[in-house]
Amino acid sequence: MSGDGLVVVGVILGAHGVRGDVRVKSFTEEPEACFAYGALLSAEAAALVEAKSWRPAKDHFIVTPAHPKQKEEWDALKGALLHIPRAALPPTEDDELYVEDLIGLAAVAPDGAGLGTVKAVQDFGAGDLLEIAPAGGGASVLVPFTEAEAPDVDLAAGRIVIADFETWANQSKD
């Protein structure tokens, strides 16, 4: 989770042309869904993009905003993460969760021993990776977020079981 109850749903890629349009990459499961929640906000909860209309491009959307900006203004915002209030998201089913909800969970071994804390969830193209800050300090450890490697996620208890942390910790050192 980012900010005070905000969830990242996309990023500004920069201006599209000179008529005030902006390129937006969506991080939502259904890409166009990022526009269903109203204005897209900054990390400080200020409105950055309110889509009047949008159209798909190669791997992003070209958005005509309700409040256009100059090309230079959009280009200056390139890389800015776009957020929505967490409360705007629909509730999850019993077997579902939002990836953002994993951040901050205590990572524990199958026997309950503390391993660290989930610092972030990364996706470099091959699936989600849990970035775990070890309890004893040191470099973060990346663990695949799969049922085999993270067999038990208990959001209510604030913990996630990591099946074989040592293997991943040793690979991170290589």
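See the structure above.
In this text, all values refer to a predicted model and were calculated from it rather than measured experimentally.

K.L.:
Whenever I open this one, the overall build of the protein confuses me. Can you help?
P.N.:
Across its full length, the protein carries 2 helices and 13 strands. Counting only C-alpha atoms, the protein reaches 60 × 35 × 30 Å along its principal axes. Considering the protein as a whole, with its 174 residues, one finds that 34% of them fall into the buried category. Excluding contacts between residues fewer than 6 apart, the proportion of contacts in the protein whose partners are at least 24 apart in sequence is 49%. By element, 51% of the accessible surface of the protein is carried by carbon and sulfur atoms, the whole surface being about 9,900 Å². Distance between charge centres in the protein, computed from 13 positive and 28 negative side chains, equals 14 Å.

K.L.:
Can you help me understand the sheet that holds strand β9 (residues 114–123) in this one?
P.N.:
Sheet strands line up and pair through hydrogen bonds in the backbone, either parallel or antiparallel. Pairing is mixed across the open sheet formed by 6 strands, whose spatial order is β11-β10-β9-β8-β13-β12. Of all the strands in the sheet, the pair left with one neighbour each is β11 (141–144) and β12 (152–154). Adjacent strand axes in the sheet meet at a mean angle of 35° when their direction is disregarded. By the bridge criterion, 4 bridges tie strand β10 (residues 128–134) to β11 in an arrangement that is antiparallel. Note on β11: the bridge partner recorded for Ile 132 is Val 141.

K.L.:
Teacher, can you tell me more about unusual backbone geometry here?
P.N.:
Peptide bonds are, in most cases, trans, and in most cases residues other than glycine have a negative phi. Located in the positive-phi region is Ala 45, a residue other than glycine, with phi close to 70°. Turning to its location among the elements, Ala 45 is positioned in the loop between β3 (40–41) and β4 (47–49). The exposure class assigned to Ala 45 is partly exposed, which follows from its relative accessible area of 43%.

K.L.:
Explain the pattern of salt bridges here, please?
P.N.:
Pairing of side chains with opposite charge becomes possible as their charged atoms draw close. A full pass over the atoms with the stated rule returns 4 salt bridges. Asp 75 is the partner of Lys 71 in a salt bridge, and the nearest nitrogen-oxygen pair spans 2.7 Å. With Lys 71 and Asp 75 both in helix α1 (residues 71–76) and 4 residues apart, this pair spans about one turn of that helix. On the basis of relative accessible area, Lys 71 is assigned to the partly exposed category, the value being 33%.

K.L.:
I would appreciate a short explanation of the environment of Ala 133 in the present structure.
P.N.:
Structurally, the position occupied by Ala 133 is in strand β10. Here the alpha-carbon distance between Ala 133 and Gly 104, two residues 29 residues apart in the chain, equals 9.9 Å. Among all residues touching Ala 133, those that are not within four sequence positions of it are Leu 115, Gly 116, Thr 117, Lys 119 and Ser 140.

K.L.:
Just to check I follow, could you spell out the nonpolar core for this structure?
P.N.:
Within soluble globular proteins, side chains that are nonpolar generally end up buried alongside one another. Core analysis: the biggest nonpolar cluster contains 18 residues, and Ile 12, Val 22, Phe 35, Leu 40, Val 49, Val 63 and Leu 82 have the highest contact counts within it. Contributions of two or more residues to this core are made by β1 (6–16), β2 (21–26), β4, β6 (61–65) and β7 (81–85). Considering every element that reaches this core, the biggest residue donor is β1, with 4 residues. Apart from the residues within four sequence positions on either side, Val 63 is in contact with Asp 21, Val 22, Val 24, Phe 35, Val 49, Ala 51, Ser 53 and Trp 54. Judged by nonpolar contacts, the second largest core, of 16 residues, contains Ala 107, Ala 109, Val 121 and Ile 132.

K.L.:
Would you explain the packing of aromatic side chains in this entry?
P.N.:
Aromatic ring pairs are defined here through the distance separating the ring centres and the angle between the ring planes. If you walk through the whole model with that rule in mind, you get 2 aromatic pairs. Ring centres 4.5 Å apart and planes at 20° place the aromatic pair Phe 35 and Trp 54 in the stacked group. Taken together, the positions of Phe 35 in the loop between β2 and β3 and Trp 54 in strand β5 (residues 51–56) put the pair 19 residues apart, joining distant regions of the chain. Take Phe 35: its relative accessible area is 8%, and that puts it in the buried class.

What counts and how
- Residues numbered from 1 in each chain as written.
- Predicted model: local features only at pLDDT ≥ 70, side-chain atom pairs only at ≥ 80, totals over all residues.
- Heavy atoms only, no water.
- Helix = DSSP H or I, 4+ residues; strand = E, 2+ residues; numbered from the N terminus.
- Buried < 20%, exposed > 50% of the residue type's maximum accessible area, 1.4 Å probe, protein only.
- Contact = heavy atoms within 4.5 Å.
- Areas by Shrake-Rupley, 256 points an atom, 1.4 Å probe, with all protein chains shown as cover.
- Lys, Arg positive; Asp, Glu negative; His and termini not counted.
- Charge placed at Lys NZ, Arg CZ, Asp CG, Glu CD.
- Pairing = 2+ DSSP bridges.
- Axes fitted to C-alpha atoms, helices over the stretch in contact; angles between N-to-C directions.
- Salt bridge = Lys/Arg side-chain N within 4 Å of Asp/Glu carboxyl O.
- Core = buried A, V, L, I, M, F, W, Y, C linked by side-chain atoms within 4.5 Å.
- Phe/Tyr/Trp six-rings, centres within 6.5 Å; stacked < 30°, edge-to-face > 60°.

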